[in-house]
Amino acid sequence: MDWLHEQLGEDLDGDYYLFDCPGQIELYTHLNLMKTLARTLETWSFRICGIYTIDAHFLTDSTKFIAGAMSALGAMVNLEIPHVSILTKMDLMSKKDKKRLHSYLEPDSESILMSEVETKWNSKFLKLTAAVGKVLDNYGLVRFYPLDMRRSKDMESLVLMIDIIMGVSEDADVKTQDFDAEEMEAEDNIS
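Residues numbered from 1 in each chain as written. Predicted model: local features only at pLDDT ≥ 70, side-chain atom pairs only at ≥ 80, totals over all residues. Heavy atoms only, no water.

Draft legend 1. View of the overall build of the protein chain. When helices and strands are counted, the protein chain shows 10 helices and three strands. Reading the helices (α) and strands (β) of the protein chain from amino to carboxyl end gives α-α-α-β-α-β-α-α-α-β-α-α-α. At a minimum sequence separation of 6, the contacts of the protein chain that also span at least 24 residues come to 76%. (Helix = DSSP H or I, 4+ residues; strand = E, 2+ residues; numbered from the N terminus. Contact = heavy atoms within 4.5 Å.)

Here it is, written out as structure tokens:
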């Protein structure tokens, strides 16, 4: 890890470093590699926030939503760091799918699962899915935030949320502005 420490340097000065990691969930649920990296970065005085991304297309039906939420929860629990779950590729979704997807942004697993039709193929799995959904509801640990790359407001909101999670705003310098005499007079004339 010494080579990484050298590359990152000592002077962090408010910079963000993004580690784009492979999408194999096994790296976060079965191995300690990513947890070790996170702990090492914390010893180097980095503030850490895990960002779990999942394609919005994946979460357009209830059982896939539950699976995606459990996957995000598994990574969060294993890494033991603050965490944000993001729905990516919102810009590629149809209007119909976007409307359906909004019910998953403030999830209530019971109402989501009510839309599933029970068949002879899925009857026992629906019961399991409902039980897992209740666990997610009871603890409220996973919430997905949409990210549409065409909307700068989505990215601004995401950066602000991450800043708050990492406590960056607590260390921000107070910005002061010195007024010149003309500005002061203009304000006095308005009053």
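Draft legend 2. How the structure looks around helix α8 (residues 152–166). Under the 1.5 Å per step criterion, the end-to-end length of α8 is 21 Å for 15 residues, consistent within 8% with the ideal 21 Å. Residues of α8 that are buried include every one of D154, L158, M161, I162, D163 and M166, and no others. Where α8 terminates, the next one or two residues include G167, which has phi positive at roughly 75°. (Expected span 1.5 Å × (residues − 1). Buried < 20%, exposed > 50% of the residue type's maximum accessible area, 1.4 Å probe, protein only.)

Draft legend 3. How the structure looks around the nonpolar core. Core analysis: the biggest nonpolar cluster contains 33 residues, and L41, L59, L87, L101, V142 and F144 have the highest contact counts within it. Breaking this core down by element, the ones donating at least two residues are α1 (2–8), α2 (26–29), α3 (33–43), β1 (50–55), α4 (62–79) and α5 (95–105). The dominant element in this core, judged by the number of residues it contributes, is α4, at eight residues. C49, V84, I86 and I162 belong to the second largest nonpolar core, which has eight residues in total. (Core = buried A, V, L, I, M, F, W, Y, C linked by side-chain atoms within 4.5 Å.)

Draft legend 4. Structural context of unusual backbone geometry. Unlike most non-glycine residues, S45 shows phi in positive territory, near 70°. Within the secondary structure layout, S45 lies in the loop between α3 and β1. Take S45: its relative accessible area is 58%, and that puts it in the exposed class. In this structure, E80 takes a positive phi of about 55° despite not being glycine. Mapped onto the fold, E80 is located in the loop between α4 and β2 (83–88).

Draft legend 5. Main features of the environment of I162. Within the secondary structure layout, I162 lies in helix α8. Residues I162 and H83, 79 residues apart in the sequence, show an inter-C-alpha distance of 8.7 Å. Discounting chain neighbours no more than four positions away, the residues touching I162 are C49, I51 and V84.

Draft legend 6. Focus on the pattern of salt bridges. Enumeration according to the criterion identifies seven salt bridges in this entry. Across the pair R39 and E80 runs a salt bridge whose closest N-O atoms are separated by 3.1 Å. You can see R39 sitting in helix α3 and its partner E80 sitting in the loop between α4 and β2, a full 41 residues away along the chain. Its relative accessible area of 28% is what places R39 among the partly exposed residues. (Salt bridge = Lys/Arg side-chain N within 4 Å of Asp/Glu carboxyl O.)

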